[in-house]
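Structural overview
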Amino acid sequence: MGCMPSPPKPDAATLERFRVLMLPHLDAVYGFARWLTRDPVLAQDVAQEAMLRALRYFHAFRGGEARPWLLGIVRNSWADLRTRKSATERPIEEIEDRPHDGPDPEQSAQAGDRRRQIAAALAALPAESREILVLREIEDLPYKHIAHVLDLPIGTVMSRLARAREKLAAELKARLGRSGHGLPDL
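Residues numbered from 1 in each chain as written. Predicted model: local features only at pLDDT ≥ 70, side-chain atom pairs only at ≥ 80, totals over all residues. Heavy atoms only, no water.

Regarding the overall build of the protein chain
- What the protein chain contains, in helices and strands, is 8 helices and 0 strands.
- When the 186 residues of the protein chain are sorted by exposure, 35% land in the buried category.
- By element, 53% of the accessible surface of the protein chain is carried by carbon and sulfur atoms, the whole surface being about 11,500 Å². (Helix = DSSP H or I, 4+ residues; strand = E, 2+ residues; numbered from the N terminus. Buried < 20%, exposed > 50% of the residue type's maximum accessible area, 1.4 Å probe, protein only. Areas by Shrake-Rupley, 256 points an atom, 1.4 Å probe, with all protein chains shown as cover.)

Describing the packing of aromatic side chains
- Counting across every chain of the model gives 4 aromatic pairs.
- With a centroid separation of 5.3 Å and 90° between ring planes, the pair formed by Phe18 and Phe58 is classed as edge-to-face. Taken as a pair, Phe18 in helix α1 (residues 12-22) and Phe58 in the loop between α3 (40-56) and α4 (66-85) lie far apart in primary sequence, 40 residues in all. This pair shows no difference in class: Phe18 is buried, exactly as Phe58 is.
- A relative accessible area of 1% means that Phe58 is categorised as buried.
- Joined through ring pairs, the aromatic side chains of Phe18, Phe58, Phe61 and Trp69 make up one cluster.
- Against the face of Tyr143 rests Arg136, its NZ or CZ located 5.4 Å from the ring centre. (Phe/Tyr/Trp six-rings, centres within 6.5 Å; stacked < 30°, edge-to-face > 60°. Lys NZ or Arg CZ within 6 Å of the ring centre and 35° of its normal.)

Brief notes about the pattern of salt bridges
- If you walk through the whole model with that rule in mind, you get 9 salt bridges.
- Between Glu49 and Arg53 there is a salt bridge whose closest N-O contact spans 3.0 Å. Here Arg53 and Glu49 lie together in helix α3, a separation of 4 residues that amounts to about one turn.
- Under the relative-accessibility criterion, Glu49 is labelled partly exposed at 26%.
- Sharing partners across several salt bridges, the network here consists of Glu49, Arg53 and Asp80. (Salt bridge = Lys/Arg side-chain N within 4 Å of Asp/Glu carboxyl O.)

Observations regarding unusual backbone geometry
- Even without being a glycine, Arg38 presents a positive backbone phi close to 60°.
- Summarising the element assignment, Arg38 is placed in the loop between α2 (26-37) and α3.
- Classification of Arg38 as buried rests on a relative accessible area of 10%.
- Even without a glycine there, the phi angle at Asp151 is positive, about 55°.

Given below as C-alpha cells:
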C-alpha cells in the first residue's frame, strides 16, 4: 500500500500569507459550518478541522478568492465528518440573534422574531437546499463562487437556488400558517 506524501510544512512567510488571506474569513467559515451542522459545538469542530486542512494544503491555493476556497473546505470537512461518524442531523433548538439597533423596542422584537422564524425554516430544509441558500443569501457569494464551493455548473446552482427559495417560502408559509402570523419580510 502506497502512502500519500505529506504536504510541505509551512514556513514563516507561508504562515503570514495564510494569516493575511484566510483568517479574515474565519467568521464565514464558522457561520457556514453552523448552518451545515445545525450544532454550535460541532460547527466549532468542523471550522477548526477546515482551517487546519486549509493550512495543511495552503500550498495548493493558487490565489483568487479565498472565501469560496475555504467554504469548499468547510463543506468537505463536514461531509467527511458525517461519513466517519455517521453523524445525524439535529434540529436547531436555538438560533443566536444578531444585534438590532432599532429605535423602537417593539420593532426590534418583531425583527428578532422574523429572524428566528426564517432561521428555523431554513434549518428545517434539506441540507442541499440549506447550504445553497446560506452561501447565496447569508454569505452573499456570487453564483460563480457557489459553483466552485459546491462543485456544480452555474446553471445547476441557479436552478437549485430557485428550488431552495421555493422550499423556504413554503416552509415559512406552513410555519406561519400554524402560528397565525403573517409572512415575514424577507
